[in-house]
Protein chains: 2
Amino acid sequence: MMSSVTIERKRVECNSLPKGWQREEIIRKSGISAGKMDVCYYSRTMRSDVSLVPPIRQTASIFKQPVTVIRNHEVGKVKHDAKHAAQDKPKQMFWEKRLERLRACHSSGEELEDIILPRSIRSIGPNVNEQTVLHSLATALHILSSPVTGQTSSKTEFNKNATAFINPDQPLMQSVLVSEDDIRRQEDRVNIARKKLQDALKS
Amino acid sequence: MMSSVTIERKRVECNSLPKGWQREEIIRKSGISAGKMDVCYYSRTMRSDVSLVPPIRQTASIFKQPVTVIRNHEVGKVKHDAKHAAQDKPKQMFWEKRLERLRACHSSGEELEDIILPRSIRSIGPNVNEQTVLHSLATALHILSSPVTGQTSSKTEFNKNATAFINPDQPLMQSVLVSEDDIRRQEDRVNIARKKLQDALKS
DNA sequence: CGGAGTGCCTTA
DNA sequence: TAAGGCACTCCG
């Protein structure tokens with residue numbers, strides 16, 4: 001005699017949604033709605049940003065003056081390499097925007113000028129400006145152990161529904177392709193810089 | 001400035017349920033379900049039946065033969081008057097039915113005849129027979145310090161949902177009213193008995 | 001108090 | 001009438 005097992009839950013990659021989304025179907029087992037199906041959609045979970053909690057200016061009764069509290073990692077835990085940190089806590093979407101007010105400065109307190117990004121790096125997403133992309137990109141280079149390539153969705157898709165089309169592992173920049181020409185030009189720049197350094201050391 | 005205190009727990013007599021039932025409302029204070037309410041219903045707790053644990057016939061390795069173990073009270077505790085016993089342990093509903101198999105007997109071992117109850121005492125509850133009422137009533141007279149009046153719910157209510165409508169302090173009999181006539185008749189019976197006793201003593 | 005699982009109202 | 005969505009119960 002053959003016996004069959006009714007599958008009650010199945011979770012599969014969903015082709016009618018952007019890459020990374022999964023569709024789960026759950027069959028109701030009992031009650032008057034038995035046999036009906038509930039559907040859940042799951043997006044990719046974001047990596048946790050262990051070392052990216054911004055400093056907070058706060059006043060505590062134990063201090064004589066307001067102080068700036070800096071937490072780099074959980075209290076009481078050994079600090080590990082960020083690239084190998086546990087990735088269980090999800091990260092907020094567009095968390096980069098929390099960093100928008102922060103500016104690098106000299107030890108004298110004088111703020112640095114805005115950094116100009118190469119034209120090949122273009123922002124993507126609602127109100128994502130050049131400095132936000134920079135924060136996003138710098139963080140990705142710091143945290144990711146895989147290649148940093150930017151968002152793969154088209155700008156149209158992304159603007160239509162960023163929440164669905166975002167790839168949370170990648171920075172908020174459009175997909176970047178590095179050509180053979182790019183590599184050659186960069187090599188030229190490095191060679192020129194080395195030459196200048198040699199000349200400076202001679203004199 | 002005024003300060004208000006949100007009531008988080010309140011426990012009140014519940015009018016939409018039979019007498020004696022209480023309804024407790026507990027407001028959730030935090031989390032995603034903050035503000036939602038959990039409700040508990042409490043029935044009257046039953047008095048504990050300190051001296052009514054039936055004897056058990058059992059075999060233990062320390063005895064040469066099976067023995068009948070009799071526990072009248074908790075081991076290691078002083079035995080108090082049952083009417084003043086601590087009432088913290090709840091009693092099982094319809095516990096009287098556990099006594100149904102027990103019969104009084106003469107010292108010779110011969111069982112006594114069933115006792116016939118007066119017609120004014122009528123049983124109430126599922127499968128509660130005349131002997132069960134007797135056990136129940138005798139226990140109430142033994143334990144209760146307040147008047148023994150029987151169940152106050154109607155027979156219809158009681159049969160519909162005994163668990164909710166039972167008054168656990170009272171025996172499983174319908175409400176009994178003692179009339180002036182009843183008292184007079186009982187006085188007559190006592191007088192006749194006394195007369196017979198006097199006559200017997202004379203001869 | 002959260003989450004799984006189901007009831008049931010709304011909508012087209 | 002069915003599907004979707006929300007509310008609610010129950011249990012750990």
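Predicted model, so just to flag it, every value in this text is computed and none were measured. (Residues numbered from 1 in each chain as written. Chains lettered and ligands numbered in written order. Predicted model: local features only at pLDDT ≥ 70, side-chain atom pairs only at ≥ 80, totals over all residues. Heavy atoms only, no water.)

Colleague: Help me understand the confidence of the model for chain A in this model?
Modeller: Note: predicted coordinates in regions of low pLDDT should not be interpreted at a detailed level. All names here are of chain A. Confidence in the prediction for chain A averages 78 pLDDT; 73% of positions are at 70 or higher. By mean pLDDT, the top-scoring element of chain A is helix α4 (residues 180-202) (95), and the lowest-scoring one is strand β4 (residues 56-58) (57). In this model, residues 71-82 is a region of pLDDT below 50 whose contacts with residues beyond four sequence positions or in other chains number nine contacts. The low-confidence segment residues 84-88 (pLDDT under 50) makes four contacts with residues lying over four places distant or belonging to another chain. (pLDDT = per-residue confidence, 0-100. Helix = DSSP H or I, 4+ residues; strand = E, 2+ residues; numbered from the N terminus. Contact = heavy atoms within 4.5 Å.)

Colleague: What am I meant to see in the sheet that holds strand β3 (residues 37-42) of chain A here?
Modeller: Within a beta sheet, neighbouring strands are joined by backbone hydrogen bonds and run either parallel or antiparallel to one another. Residue and element names in this part refer to chain A. The strand order across the open sheet built from three strands is β1-β2-β3, with neighbouring strands paired in antiparallel fashion. Each end of this open sheet is capped by a strand with a single partner; those strands are β1 (9-13) and β3. Between one strand and the next, the sheet's axes are offset by a mean angle of 20 degrees, whatever the strand orientation. Here strand β2 (residues 22-27) runs beside β3; their pairing, made up of six bridges, is antiparallel. (Pairing = 2+ DSSP bridges. Axes fitted to C-alpha atoms, helices over the stretch in contact; angles between N-to-C directions.)

Colleague: Help me out: how do you make sense of the protein's contact with DNA strand C in this one?
Modeller: Residues in close proximity to DNA strand C total 15 residues, the closest being Arg9 of chain A together with Arg28, Lys29, Gly31 and Ser33 of chain B. Within 4 Å of the protein, atoms of DNA strand C come from sugar and phosphate in 50% of cases. Interatomic distance of 2.8 Å between a side-chain N/O atom of Ser30 of chain A and a phosphate oxygen of DNA strand C. A distance of 2.9 Å separates a phosphate oxygen of DNA strand C from a polar backbone atom of Ile32 of chain B. (Near = heavy atom within 4 Å. Polar contact = N/O pair within 3.5 Å; in protein donor to acceptor, adjacent residues only side chain to side chain.)

Colleague: Please clarify how the packing of aromatic side chains should be interpreted in this entry.
Modeller: Two aromatic rings, taken as a pair, are described by how far apart their centres are and by the angle between their planes. The full count for this structure, using the stated rule, is zero aromatic pairs over all chains. The residue whose ring lies beneath Arg11 of chain A is Tyr42 of chain A, and the NZ or CZ to ring-centre distance is 3.6 Å. (Phe/Tyr/Trp six-rings, centres within 6.5 Å; stacked < 30°, edge-to-face > 60°. Lys NZ or Arg CZ within 6 Å of the ring centre and 35° of its normal.)

Colleague: Explain the sheet that holds strand β3 (residues 37-42) of chain B here, please?
Modeller: Residues and elements named next belong to chain B. Here three strands make up an open sheet; going across it, the order is β1-β2-β3 and the pairing antiparallel. Edge positions in the open sheet fall to β1 (9-13) and β3, since each of these has one partner strand only. Across the sheet, the mean angle from the axis of one strand to that of its neighbour is 20 degrees, orientation sign disregarded.

Colleague: Could you clarify how one ought to interpret unusual backbone geometry in this entry?
Modeller: Trans peptide bonds make up most of the peptide bonds, and negative phi angles are found at most residues other than glycine. One non-glycine residue, Asn127 of chain A, lies in positive phi territory at about 55 degrees. Here Asn127 of chain A shows up in the loop between β5 (67-69) and α1 (130-143).

Colleague: In this structure, what is going on with a nonpolar patch on the surface? I would like to understand it.
Modeller: Residues and elements named next belong to chain B. On the surface, Leu17, Met37, Val39 and Tyr41 cluster together into a nonpolar patch covering about 320 Å² of accessible area. Within the secondary structure layout, Tyr41 lies in strand β3. Its relative accessible area of 41% is what places Tyr41 among the partly exposed residues. (Patch = residues over 30% accessible without salt bridge, like charges linked within 9 Å, V, L, I, M, F, W, Y side chains within 5 Å. Areas by Shrake-Rupley, 256 points an atom, 1.4 Å probe, with all protein chains shown as cover. Salt bridge = Lys/Arg side-chain N within 4 Å of Asp/Glu carboxyl O. Buried < 20%, exposed > 50% of the residue type's maximum accessible area, 1.4 Å probe, protein only.)

Colleague: Please clarify how the pattern of salt bridges should be interpreted in this entry.
Modeller: Pairs may arise between side chains of opposite charge once their charged atoms sit close together. Residues and elements named next belong to chain A. For the structure shown, the criterion picks out 17 salt bridges over all chains. Two residues, Lys10 and Glu25, come together in a salt bridge whose shortest N-O distance is 3.8 Å. One end of the pair, Lys10, is in strand β1; the other, Glu25, is in strand β2, and 15 residues separate them in sequence. Overall, Glu25 belongs to the buried group, its relative accessible area being 18%. Within this structure, Lys10, Arg23 and Glu25 form a network of salt bridges that share partners.

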